[in-house]
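So you can see what is in the structure, the chains are spelled out below.
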Amino acid sequence: MVSRKILFPIIAVIFNTGCGGGGQETTAPQENYPYVLAASVLEMGSDSTYHSYHMWVVGGVPVRTFPRVWIGGIPMPSSSMQWNEDAFLVGYSEDYPTLFPGQEVHFSIRVPCCPGDTVQDSAAARMLPIPRVSLRDSEGLWVMWEGHPDVREYFAGIRVYCRDTTGTHYADTALMIEDTSVYLPLGWMCPVDTFIYASVEVDVAFIGGPWKGEGGNFGLLSGRYIPISHTSLEFIYPDSLSSPAVFTGEEARAILERVFREMGWR
């Protein structure tokens, strides 16, 4: 499972990262006014059941105050939130609630905006299906997946450990793309004439866009609520190319970190 210790610093990166996207750009939040950026991540566990990870960062509120947060109508306890060294309030919840593909989910929040007053707002998103990924060997590796009309961008992350007689070679790439396939030449995966084996890890994620509003999916607050779904594959190339093993858990930390590093205010 994704640990809170890892996710707290990961999601805080969002506020220091910018990235272009479809639709109207969301400007940087006003100083000293509440803003929030949140994401719900859906994946299929190795036990063939769905798992959900919910993360949110709140800024522009008095330090040591805790807003009220509901996800899918379920209140998030204050114990799920903590202040970080950059004065952002960071929250995390795992499988509370557990979401499913196609489900509409609301992220609601009530935060103090000035002495004696509060503002309440909500954002809505529709959870995306788990990516169905296929692989093909063609003097390299084709990573392919079925597209979905509600996806704003696709994320692909590939890590390769190649061993030959001289030692081990490492290759790594992460892409935010609109295409539904990525080709990895053999020379990139293993830059030698002959190799003993290559261990390949593939992450594919669907990044959803807001379906309410133009610049974001909150009505009053600055920010965004982002639906993400992802799957991971691990296999030995090319021996087990036809039947890669599906896994989740600790590897999910990599997909979350990479996606969040590419995403900012949109």
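Each remark here, short or long, concerns the structure printed above.
Residues numbered from 1 in each chain as written. Predicted model: local features only at pLDDT ≥ 70, side-chain atom pairs only at ≥ 80, totals over all residues. Heavy atoms only, no water.

Colleague: An account of the pairing of strand β9 (residues 133–137) is needed here, citing residue identities and associated values.
Modeller: Here β9 pairs with strand β10 (residues 140–145) via five bridges, running antiparallel. Within β10, the position partnered with Arg136 by the bridge is Trp142. Hairpin geometry of β9 and β10 is characterised by an intervening segment of two residues between the two adjacent antiparallel strands and by a positive phi of about 50° at Glu139. (Pairing = 2+ DSSP bridges. Helix = DSSP H or I, 4+ residues; strand = E, 2+ residues; numbered from the N terminus.)

Colleague: I'd love a proper account of the nonpolar core, names of residues and values included.
Modeller: The biggest cluster of nonpolar side chains holds 26 residues, and the ones touching the most others in it are Leu141, Trp145, Ile158, Val200, Val202, Phe235 and Tyr237. Of all the secondary structure elements, the ones that give two or more residues to this core are β10, β11 (151–164), β12 (167–177), β13 (181–185), β14 (197–208) and β15 (222–237). Counting residues per element, this core draws most heavily on β11, which supplies six residues. Beyond its immediate stretch of four places on either side in the chain, Tyr237 contacts Asp137, Glu139, Gly140, Leu141, Leu186, Met189, Phe195, Tyr197, Ala198 and Val200. Ala38, Met76, Ile109 and Leu221 belong to the second largest nonpolar core, which has 25 residues in total. (Core = buried A, V, L, I, M, F, W, Y, C linked by side-chain atoms within 4.5 Å. Buried < 20%, exposed > 50% of the residue type's maximum accessible area, 1.4 Å probe, protein only. Contact = heavy atoms within 4.5 Å.)

Colleague: Please provide a residue-by-residue account of the pairing of β12, values included.
Modeller: Sheet topology places β11 next to β12; eleven bridges connect them, and they run antiparallel. Bridging from a neighbouring strand, Ile158 pairs with Thr173 of β12. Connecting β11 to the antiparallel partner β12 that follows it, the hairpin turn spans two residues.

Colleague: Account for the pattern of salt bridges, naming residues and giving values.
Modeller: According to the stated counting rule, one finds three salt bridges in the structure shown. For the salt bridge of Arg132 with Glu146, the shortest nitrogen-to-oxygen distance reads 3.9 Å. You can see Arg132 sitting in the loop between β8 (117–126) and β9 and its partner Glu146 sitting in the loop between β10 and β11, a full 14 residues away along the chain. Given the relative accessible area of 59%, Arg132 is considered exposed. One salt bridge in this structure joins Asp203 and Arg159, with 3.0 Å as the shortest N-O distance. In this pair, Asp203 sits in strand β14 while Arg159 sits in strand β11, placing the two residues 44 residues apart along the sequence. (Salt bridge = Lys/Arg side-chain N within 4 Å of Asp/Glu carboxyl O.)

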